[in-house]
Amino acid sequence: MSLPFFEINGGNRLRGTVRISGAKNAALPIMAASILCEGEVVLRDIPRVADVESLCELLQKLGVETTWIEDNALRLIVRDEMNCKAEYDIVRKMRASICVLGPLIAKRQKAQVSMPGGCAIGDRPVNLHLRAMERLGADLDLVGGDIVARAKKLVGTEMFLGGRFGSTVLGTANAMMAAALADGVTVIEMAACEPEVADLANFLNQCGASISGQGTPRIIVEGVKELHGCEYRIIPDRIEAGTFMVAAALTNGDLKIENVRLDHLMAFVDCLSGVGVHVEKTTLGAEVTSSRRLEPVEVTTQPFPGFPTDLQAQLMTLLCLADGNSVITDKIFPDRFMHVPELARMGAQLRREGGTVIIEGVKRLIGAPVMASDLRASAALVLAGLVARGTTRVNRIYHLARGYERMDEKLRAVGGDIQLHPEGGV
Ligand code: EPU
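All of these numbers come straight from a predicted model, not from anything done at the bench.

Reading the values: the criteria
- Residues numbered from 1 in each chain as written.
- Predicted model: local features only at pLDDT ≥ 70, side-chain atom pairs only at ≥ 80, totals over all residues.
- Heavy atoms only, no water.
- Domains from an automatic or database assignment.
- Contact = heavy atoms within 4.5 Å.
- Buried area = accessible area lost by both parts, 1.4 Å probe.
- Salt bridge = Lys/Arg side-chain N within 4 Å of Asp/Glu carboxyl O.
- Pairing = 2+ DSSP bridges.
- Helix = DSSP H or I, 4+ residues; strand = E, 2+ residues; numbered from the N terminus.
- Axes fitted to C-alpha atoms, helices over the stretch in contact; angles between N-to-C directions.
- Parallel < 35°, antiparallel > 145°, perpendicular 65-115°, else oblique.
- Nonpolar A, V, L, I, M, F, W, Y, C, P; charged D, E, K, R; others polar.
- Buried < 20%, exposed > 50% of the residue type's maximum accessible area, 1.4 Å probe, protein only.
- Arc of directions from axis to C-beta.

Let's shift gears to the domain arrangement of the protein chain. Taken domain by domain, the protein chain comprises domain 1 (3–21 + 236–425) and domain 2 (24–231). For domain 1 and domain 2, the distance between their C-alpha centres works out to 30 Å. On the domain 2 side, the residues contacting the 25 residues of domain 1 number 22 residues. Here domain 1 packs against domain 2, burying approximately 1800 Å² in sum over the two surfaces, 53% of which is carbon and sulfur. It is Phe304, Arg402 and Glu405 that lose the most area in domain 1 upon contact with domain 2, and together they represent 31% of the buried surface on that side. Here domain 1 is connected to domain 2 by 3 salt bridges. In this structure, the salt-bridge partner of Asp45 is Arg19, at a minimum N-O distance of 3.3 Å.

Here it is as structure tokens:
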């Protein structure tokens, strides 16, 4: 089979303006929440990425009509509530499919959702999602690899959603969506504080829900009888914005980044400033420039407002060129290091010890054929290609298409020499 690949000739300074798309990780749970609503939901700034298309496919199977009414505007209307089954075929492609669990139980009183398996970034348990559903009164079974849930009526309760690795983003989303239609008040302790969770709460409130505390570790949901539709704009993608910030820094460029919320990127921008990268707030977003000398840093990923795991791989590419030794520890996904051996193929000096990687800065990276493995690791390799001497071929770029909207086009528009070849990759 011959697959598409990117060919990147490194060395160009990136200059110009990039507009950031709506956040994939806010869009997915908000789209799933349409299952809860009576009437039409119109979502603006939905990124046209493969994960969004996969969720549209799943929602259609679940009786939700999904129509693109403009480039990035999606209309969702529930037409049929008979099917409650999310099949393995889609769930295995996209783990975020788990976020139909809460809405299906709350609205249709039953759900059958294939248990997601592990993925390239490690084990990804769903025990906290299940705990939330059980606390709200659902009966759960595991049948043939499917989570089968039933509940006549969900009842508000207190729940603690902390696990070994801290809070859970989609687990909190599932709990909020289910509690929105439960009888009485639900208090979620150790809720995820990520902006995407707050965006979901804000969307649900516009549909008539009564949720407070979003953005803090204690979310309170007062159940309501029914939710209606609404029109809603998704927040900007902080991870895409961070990825372009690294692109500017790596190429000693000057990028204006539009549609970015710096208050969603505080830990990341703070880390960049330690490296010697300047991020200035502008009226439309931010401008990123960097000094020639990059300083090494020590970083640990943490739940929001800490440094996001979804920017760990991209930061590693930047630190490969710092003047000294850096240390990155991923505490959220300690196995999320598939980019390490690929960056090493490009001349990076990296040593992994468990959930930590020690990065010895080198003078330059050298172009090579590399293999993308998961979404953010792929972004890290594209970034490496933009700065490497010579030509880099990034294979398996379908991973990138899952979460970055027109990445190659956006990079070309600011001077990146990156071409998509529809076939010839491995
Ligand atoms: N965890 C549990 N039990 C659970 C759920 C999670 O132990 O029931 C653990 C996980 O294994 C992990 C930690 O808790 O160690 C945090 O996982 P979380 O549940 O927060 O991750 P998620 O909700 O499945 C979302 C994003 C990920 C992002 C993580 C962490 C979406 C669709 N996905 O996943 O995004 O890395 O939060 O911020 O929102 C990506 O976009 O590339 C991506 C992987």
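Turning our attention to the sheet that holds strand β9 (residues 139–143). Whenever strands of a sheet pair, they do so through backbone hydrogen bonds, lying parallel or antiparallel. Taken in spatial order, the 4 strands make up an open sheet running β7-β8-β10-β9, and their pairing is mixed. Edge positions in the open sheet fall to β7 (85–86) and β9, since each of these has one partner strand only. As paired elements, β9 and strand β10 (residues 146–150) share 5 bridges and run antiparallel to each other. In the strand pairing of β10, Leu142 is matched with Ile147.

The next point concerns the packing of helix α8 (residues 238–250) against helix α9 (residues 266–275). One can describe the packing of α8 onto α9 by two numbers: an axis separation of 11 Å at closest approach and a directional angle of 10°. Looking at the two axes, α8 sits roughly parallel to α9. Within the contact between the two elements, α8 uses Gly242, Met245 and Val246 and α9 uses Phe268, Val269 and Leu272. Considering only residue class, the contact of α8 with α9 consists of 5 nonpolar, 1 polar and no charged.

For α9, the full list of buried residues reads Phe268, Val269, Cys271, Leu272 and Val275. Buried residues of α9, viewed axially, fall in a sector of 160°; they line one side. Exposed side chains of α9 directed beyond 90 degrees from the buried face belong to Met266 and Asp270. Lining the buried residues of α9 we find α8, β18 (277–281), β20 (298–301) and α10 (312–319). Once α9 finishes, Gly276 follows within two positions and takes phi at roughly 105°, a positive value.

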